[in-house]
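Fold and contact review
Chain residues, written in single-letter form:
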Amino acid sequence: MLGVQEGGPVEQPSTTDLEWNSALVELYRSHRLGLLRLAVLLTDDQALAEDVVQDAFLALQRRWHAVDPAAAAGYLRTSVVNGARSWHRRRRVARRHLQTVVLEDAPPADLAVLLGDEHRQVVEALRTLPRRQREVLVLRYWSDLSEAEIAAVLGVARGTVKSSASRALAALEGQLGGRHGR
């Protein structure tokens with residue numbers, strides 16, 4: 001269908017395109033906040049987390065015609081986790097090549113807004129865990145995913161998810177001294 005605009009004819013979106021756009025907008029409205037929380041926990045940086053989530057939605061939009069709508073939420077979670085991993089990898093490479101002294105990362109200024117007092121100690125302890133263990137716990141307890149879903153998002157075996165979760169919980173319990181429940 002063609003419309004007329006200054007400078008010549010312009011193609012109008014088809015009904016199917018409008019339906020896909022509507023579905024994508026609804027997916028954004030329903031999942032953006034949860035994905036943002038996930039990204040904040042994986043990156044410890046609100047602005048970076050927003051970029052990672054936005055990049056995930058842009059990637060989905062580019063592949064929208066090829067992605068099963070039922071799998072779109074999983075695609076987004078995987079994209080957010082991979083985006084956070086890529087950021088950590090780039091940061092590690094940059095630090096190694098710059099060979100500068102890097103001070104310990106300070107907690108983000110908006111941590112108080114995102115989390116209550118009772119959760120700050122848990123988040124601080126979570127930061128000390130290895131990346132895989134931290135990802136497993138965040139996906140399990142923050143995003144409420146099953147072991148199978150976590151394995152799919154991280155691209156690992158279900159047994160790896162179980163062992164990573166077990167080790168991470170033991171480490172957190174040791175750090176927190178039983179002050180917080182699971």
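The structure we're discussing is the one just above.
What this report covers is the structure whose coordinates are included nearby. (Residues numbered from 1 in each chain as written. Predicted model: local features only at pLDDT ≥ 70, side-chain atom pairs only at ≥ 80, totals over all residues. Heavy atoms only, no water.)

Digging into the overall build of the protein chain
Across its full length, the protein chain holds eight helices and two strands. Evaluated residue by residue, the protein chain yields a buried proportion of 32% over its 182 residues. Intrachain contacts of the protein chain at a sequence separation of at least 6 include 56% that bridge at least 24 residues. Accessible surface computed for the protein chain: about 11,500 Å², of which carbon and sulfur atoms make up 52%. (Helix = DSSP H or I, 4+ residues; strand = E, 2+ residues; numbered from the N terminus. Buried < 20%, exposed > 50% of the residue type's maximum accessible area, 1.4 Å probe, protein only. Contact = heavy atoms within 4.5 Å. Areas by Shrake-Rupley, 256 points an atom, 1.4 Å probe, with all protein chains shown as cover.)

As for the packing of aromatic side chains
Under the criterion given, the structure shown has one aromatic pair. Ring geometry for Y28 against F57: centres 4.9 Å apart, planes inclined by 70 degrees, an arrangement best described as edge-to-face. Residue Y28 is located in helix α1 (residues 15-43), and its partner F57 is located in helix α2 (residues 46-62); the two are separated by 29 residues in the primary sequence. Classification of Y28 by relative accessible area gives partly exposed; the value is 31%. (Phe/Tyr/Trp six-rings, centres within 6.5 Å; stacked < 30°, edge-to-face > 60°.)

Side note on the side chain of E135
Checked against the element boundaries, E135 lands in helix α6 (residues 131-142). Given a relative accessible area of 3%, E135 falls into the buried group. Those residues within four positions of E135 in sequence are excluded, and the remaining contacts are L42, V81, R85 and L154.

Topic: the environment of A157
Residue placement: A157 occurs in the loop between α7 (147-154) and α8 (158-176). Linking A157 and E147, residues ten residues apart in sequence, is a C-alpha distance of 9.3 Å.

Quick notes on the environment of A84
By the element assignment, A84 lies in helix α3 (residues 72-98). Taking relative accessible area as the criterion, A84 reaches 1% and is therefore assigned buried. Apart from residues lying up to four places away in sequence, A84 is in contact with L42, T43 and V52.

A closer look at the pattern of salt bridges
Following the criterion strictly, the structure yields six salt bridges and no others. Of the charged contacts in the structure, one is a salt bridge between R85 and E135, with a shortest N-O distance of 3.1 Å. You can see R85 sitting in helix α3 and its partner E135 sitting in helix α6, a full 50 residues away along the chain. Accessibility classification places R85 together with E135 in one group, the buried group. (Salt bridge = Lys/Arg side-chain N within 4 Å of Asp/Glu carboxyl O.)

Brief notes about the side chain of R85
By relative accessible area, which is 13% here, R85 ends up buried. Ignoring any residue separated from it by four or fewer positions in sequence, one finds R85 in contact with R131, R132, E135 and L154.

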